[in-house]
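Understanding the architecture of this molecule
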Amino acid sequence: NAGVMQNPRHLVRRRGQEARLRCSPMKGHSHVYWYRQLPEEGLKFMVYLQKENIIDESGMPKERFSAEFPKEGPSILRIQQVVRGDSAAYFCASSPGGGAYEQYFGPGTRLTVT
Amino acid sequence: DQQVKQNSPSLSVQEGRISILNCDYTNSMFDYFLWYKKYPAEGPTFLISISSIKDKNEDGRFTVFLNKSAKHLSLHIVPSQPGDSAVYFCAASERFSGNTGKLIFGQGTTLQVKP
């Protein structure tokens, strides 16, 4: 009974490079949420996706960040031209439905921008 | 604009005693509240939740109390065990109002349970 999987667990990128973070939801879950945790802070909502649809991206920075959840394969959070301020832990959570269900979190990807 | 606040960054209790973690919120539209526990280098683990139609929910050693008029909730852990040492996050959402269910988190409280 695999939980939410995220890879890579750790990612180091130089300023200006691209970062791709992957999330495979729990079996039977078709709803994915991405959150970011900056050092010494709580988790902040970024984006909510269902298969092939972005439902709520109100927490996404306007530039450089994008997310997708294709019909087949994991959800991808993509950060273009990374800057030092992007260094954070990025968590993915999945649920079997939208707002009416608990969210189950993956172990996170720790992004370090050098 | 911090809609969910955990004003105590840390809490230290003796094993076997009660741990009380507090959380305040400002958005009256929140109707569902959750507590998550987080160990270093791991994702948050769901502990317990409560909807706004209740004022108390229990699950084993964990009890969550909700005071809607004060916009305050608390998590009680009795008895506390050393394995409970972790960061505890309070989260809230507009679960039943047709919202997308995104969670708004507090800053977290680090609980240390001493043997």
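Check the entry above for the structure.
Residues numbered from 1 in each chain as written. Chains lettered and ligands numbered in written order. Predicted model: local features only at pLDDT ≥ 70, side-chain atom pairs only at ≥ 80, totals over all residues. Heavy atoms only, no water.

All right, on to the packing of aromatic side chains then. Scanning all chains against the criterion turns up 12 aromatic pairs over all chains. With 5.9 Å between their ring centres and 70° between their planes, Tyr35 of chain A and Phe45 of chain A make a pair best called edge-to-face. Of the two residues, Tyr35 of chain A is situated in strand β4 (residues 31-37) and Phe45 of chain A in strand β5 (residues 43-50); the sequence distance between them amounts to 10 residues. Looking at Tyr35 of chain A, the relative accessible area reads 0%, which means it is buried. The class of Phe45 of chain A is buried, set by a relative accessible area of 10%. Residues Phe105 of chain A and Tyr36 of chain B carry aromatic rings whose centres are separated by 5.3 Å and whose planes lie at 85° to one another, so their mutual orientation is edge-to-face. Here Phe105 of chain A, found in strand β10 (residues 104-105), pairs with Tyr36 of chain B, found in strand β4 (residues 32-38), and the two come from separate chains. We classify Tyr36 of chain B as buried; its relative accessible area is 0%. In this structure an aromatic cluster arises from ring pairing among Tyr33, Tyr35, Phe45, Tyr48 and Phe105 of chain A together with Tyr36, Phe46, Phe89 and Phe105 of chain B. (Phe/Tyr/Trp six-rings, centres within 6.5 Å; stacked < 30°, edge-to-face > 60°. Helix = DSSP H or I, 4+ residues; strand = E, 2+ residues; numbered from the N terminus. Buried < 20%, exposed > 50% of the residue type's maximum accessible area, 1.4 Å probe, protein only.)

Residues and elements named next belong to chain B. With respect to topology, five strands assemble into an open sheet ordered β1-β3-β8-β7-β6, the strand pairing being antiparallel. Of all strands in the sheet, those bounded by a partner on one side alone are β1 (4-5) and β6 (56-59). Of the strand pairs in this sheet, strand β7 (residues 62-67) and strand β8 (residues 72-77) are connected by six bridges, and their pairing is antiparallel. Note on β8: the bridge partner recorded for Phe65 is Ser74. (Pairing = 2+ DSSP bridges.)

It is worth spelling out the environment of Lys38 of chain B at this point. With respect to the element layout, Lys38 of chain B can be found in strand β4. A sequence separation of 50 residues divides Lys38 of chain B from Tyr88 of chain B, and the C-alpha atoms of the two residues are 6.2 Å apart. Residues contacting Lys38 of chain B, with those up to four places away along its chain left out, are Gln37 and Phe91 of chain A together with Gly43, Pro44, Ala86, Val87 and Phe89 of chain B. Within polar-contact distance, the side chain of Lys38 of chain B engages the backbone oxygen of Glu42 of chain B at 3.0 Å. (Contact = heavy atoms within 4.5 Å. Polar contact = N/O pair within 3.5 Å; in protein donor to acceptor, adjacent residues only side chain to side chain.)

Right, let's get into the interface of chain A and chain B. The partner chain B presents 21 residues to the 23 residues of chain A that form the contact. At the boundary of chain A with chain B, total buried surface from both sides reaches about 1,600 Å², with 55% on carbon and sulfur atoms. One can count one salt bridge joining chain A with chain B. Across the pair Lys102 of chain B and Asp56 of chain A runs a salt bridge, and its minimum N-O distance is 3.9 Å. (Buried area = accessible area lost by both parts, 1.4 Å probe. Salt bridge = Lys/Arg side-chain N within 4 Å of Asp/Glu carboxyl O.)

Another aspect to go through is the pattern of salt bridges. Residue and element names in this part refer to chain A. Per the counting criterion, the structure on display carries seven salt bridges over all chains. The partner of Arg64 in a salt bridge is Asp86, and the shortest N-O contact between them spans 2.7 Å. Of this pair, Arg64 sits in the loop between β6 (53-56) and β7 (65-68) while Asp86 sits in the loop between β8 (75-79) and β9 (88-95), placing them 22 residues apart in sequence. Given the relative accessible area of 25%, Arg64 is considered partly exposed. Residue Asp86 is classed as buried on the basis of its relative accessible area of 3%. Look at the salt bridges and you will find they share partners, linking Glu18, Arg20 and Arg78 into a network.

Treat this as a map of the structure, not an account of what it does.
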